[in-house]
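Below are the chains, spelled out letter by letter.
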Amino acid sequence: MSLKFIALSGTVGVTENLYVYEADGKMMIIDCGVGFPDLEMPGVDLVIPDFSYVVKNKEKLVGIVISQGHEDHIGALPYLLREVNAPIWSTPLVTEFIKDKFIDYGVKNFTINTFNPEYEDFEVGPFRVFPFRVTHSVPDTVGFAIDTPEGRIFHVPEHKMDQNPVDGKPFDIERAKGLANDEKHVLFLASDCLGSNKLGFTEGETQIEGNMEGIMKKAENAILATAISSNIGRFQQMMNVAQWLNRKVVLVGRSIQKKIEIAYKLGYISFPANLVVSFGDAARMKRSELMYIVAGCYGQVGSSLYRISLGEHDRVHVNDGDMMVFSADPAPPYTKESEDFVIDNLIDKGVDVHYYDLNEGLDEGIYASGHGGQGDIVELFKIVNPKYFIPIGGTIRFMHSYKKLVVKNGNPPSSVLTLKPGENVIFENGQARLGDKIPVKAVLVHGLGVGDVGKVVLGDRAILGNEGVVVVVFKIRQGKIIDLPEIISRGFIFEKISKDLLDEAAKRLKNQIEKKVNIKKSVIYGVTMDYLGKFFFQKTGRRPMILPVVVEV
Ligand SMILES: [Zn+2]
């Protein structure tokens, strides 16, 4: 008997959550999320976990259990289900988010088992899973106690202990305590480490409504507000404020419209039917009677808010004297630059913008993190009291700080298992040892291609983006170059001004090649790359991509 826990993806990089449990020759997955491209991945839409190991062992796979509705926990499901077939388990809101995603991706063959975390539990192969409610920035998020052949473990991907959330459904401390105390020993706790550098408990959400109202009641023209599109609680607060201020709400952006529609149907958000108006109705109303709730809180390129900030949105525009409230801080990696870009553009258009680091003598208190601070993390330690600890969902520095918290709370350093993607632990007779690392790589998605963009393509994109490209066309007949080669460039130099430089390059290059005895294609390619590379670098200090083309005439 043994239990294997594999951090296939989701440690080190915050997003792309995917953990594998193996016992009795069966395999269960927890979460299946996407990551977002970094600045060195031009053109890449998404990053997904490397499924190779799961696909290789797909006959062992008995189920996929999902903890919450954020993209970094459900976004890669359509890609995984192209390769394997297994039932999914999730809470009601998450089930609807997944179904909506499957419609977009055309995924048709799937089974989703919806569970109620207040009292239900379920079996996935050799594992018995007991979900319990936690608080996070999207409703219906859960943690799990799981019975394995090696004993009970706890897996809590993201949480804060907030006892007073907007939806009135707090972290279910009683159920979690019960599940922890049922067993003499909990073998391990895998839990959220992202807030491990933050002192105390993460602030609650309820006071945000009053803070937003205090700011928004000063608005004289249109109000725009944004939060991450799954933050149903925040939208509820914005809609409450809109009603207090006698404004109608316009929902801008498909992601927000869909998520609010789903949450409304399931009763996770409530508002009078006449509160939300269409673009057409809004056009006939005074701007002072409107609140736009807009998608794109991180200023994502192409999002509704991004286009509004550039004056490129066809239905919504901003005027001098409008107000914009960002209920989001750019916490996810690589979001600060884009959010700041949008904030600057809006301010430049005369909008009164309230955003994450605007400190006019006081913190405006218009957002809260969904991740617990040190207080929340340690409280979970105390509830579960496990033998081993596995920090997940944070970068290396947060795993390190989590480890310090564990030690500070009286546990030996050896009780903390920090795993990088592909690393895994085998538990046998209550003892942990590291297994052989499973090779994993970043899988990038661009358009319809999955995994076909790798290091080489990204390297080329970086050169094209930074240095430009030069195409050199030769005409040859019977081993002789006819005419001067034609040189065409893009993104390298302005050709009209630098025509002399390109003419000189063509002449010198032809001479160089003609020094060779045997003028074959391979010789022409080699000399062109080598000679022109040096020549352009000497003259310009730049290293464009050089593409020789030989045409036989
Ligand atoms: Zn989340």
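Criteria and thresholds
Residue positions are counted from 1 within each chain, in the order its sequence is given. Only residues with pLDDT of 70 or above have their local features reported here, since the model is predicted, and side-chain atom pairs are shown and tallied only from 80 upward, although totals for entire chains, interfaces and linings are computed over all residues. Strands here are runs of E lasting at least two residues and helices are runs of H or I lasting at least four, both read from the DSSP assignment and numbered beginning at the N terminus. Note on burial: count the other C-beta atoms lying within 10 Å of the residue's C-beta; 20 or more is buried, 12 or fewer is exposed, in between is partly exposed, and C-beta positions come from the backbone. Two residues form a contact once the distance between their C-beta atoms, set from the backbone, is within 7 Å. Strand pairing is assigned whenever DSSP identifies at least 2 bridges connecting the two strands. Angles shown run from 0 to 180 degrees and are taken between the N-to-C directions of axes, each axis being a line fitted to C-alpha atoms and, for helices, limited to the stretch in contact. In plain words, the nonpolar core is the set of buried Ala, Val, Leu, Ile, Met, Phe, Trp, Tyr and Cys residues that C-beta atoms within 7 Å link up. A helix is expected to reach a length of 1.5 Å times the quantity of its residues less one.

In the annotation of an unreviewed UniProt entry, the entry for the chain reads Beta-lactamase domain protein, and the organism field reads Candidatus Woesebacteria bacterium GW2011_GWB1_38_8.

1. Describing the overall build of the chain
Along the backbone of the chain there are 16 helices and 25 strands. C-alpha atoms of the chain, sized along the principal axes, occupy 85 × 70 × 45 Å. The buried share of the chain, reckoned over its 553 residues, is 44%. For the chain, the proportion of contacts with a sequence separation of at least 24, taken over those separated by at least 6, is 72%.

2. Points about unusual backbone geometry
The residue N385 is not glycine, and still its phi comes out positive at about 50 degrees. Inspection of the secondary structure assignment puts N385 in the loop between α12 (374-384) and β18 (386-392). Overall, the presence of 15 C-beta atoms within 10 Å leaves N385 in the partly exposed class. In this structure, D483 is a non-glycine residue whose phi angle is positive, near 60 degrees. Here D483 shows up in strand β24 (residues 480-490).

3. Regarding the sheet that holds strand β7 (residues 112-114)
An order of β7-β6-β5-β3-β2-β1-β19-β20 is seen for the 8 strands of this open sheet, with the pairing classed as mixed. Looking along the sheet, the strands with just one partner apiece sit at the ends: β7 and β20 (431-434). For this sheet, the mean angle separating the axes of adjacent strands, direction not counted, is 20 degrees. Looking at chain direction, strand β19 (residues 424-428) and β20 are connected through 4 bridges and run antiparallel. Across the sheet, V425 pairs through a bridge with L434, a residue of β20.

4. So, the nonpolar core
Counting 139 residues, the largest nonpolar core has V47, V65, M238, M291, Y292 and I293 as its most contacted members. In terms of residue count, the dominant contributor to this core is helix α7 (residues 232-244) (6 residues). Ignoring sequence-local partners within four residues, the contact set of Y292 consists of A222, L224, V250, V252 and V316.

5. What about helix α14 (residues 455-467)?
Counted at 1.5 Å a residue, the expected span for α14 with its 13 residues is 18 Å, and the 18 Å between its end C-alpha atoms agrees. Phi turns positive, to about 85 degrees, at G468, one or two residues after α14.

6. A word on the environment of N231
Summarising the element assignment, N231 is placed in the loop between β13 (223-226) and α7. Residue class for N231 comes out buried when judged on the 27 C-beta atoms lying within 10 Å of it.

7. A look at helix α4 (residues 92-105)
Count 3.6 residues to each turn of an α-helix, and residues three or four apart come out pointing the same way. Taking 1.5 Å per residue as the helical rise, α4 with its 14 residues ought to reach 20 Å, and the 20 Å between its terminal C-alpha atoms agrees with that figure. Those residues of α4 that sit buried are L93, V94, T95, E96, F97 and I98. If you follow the buried residues of α4, they end up packed against α2 (71-74), α3 (77-81), β6 (88-90), β7 and α8 (254-265). Following α4 by one or two positions, G106 adopts a phi angle in the positive range, close to 70 degrees.

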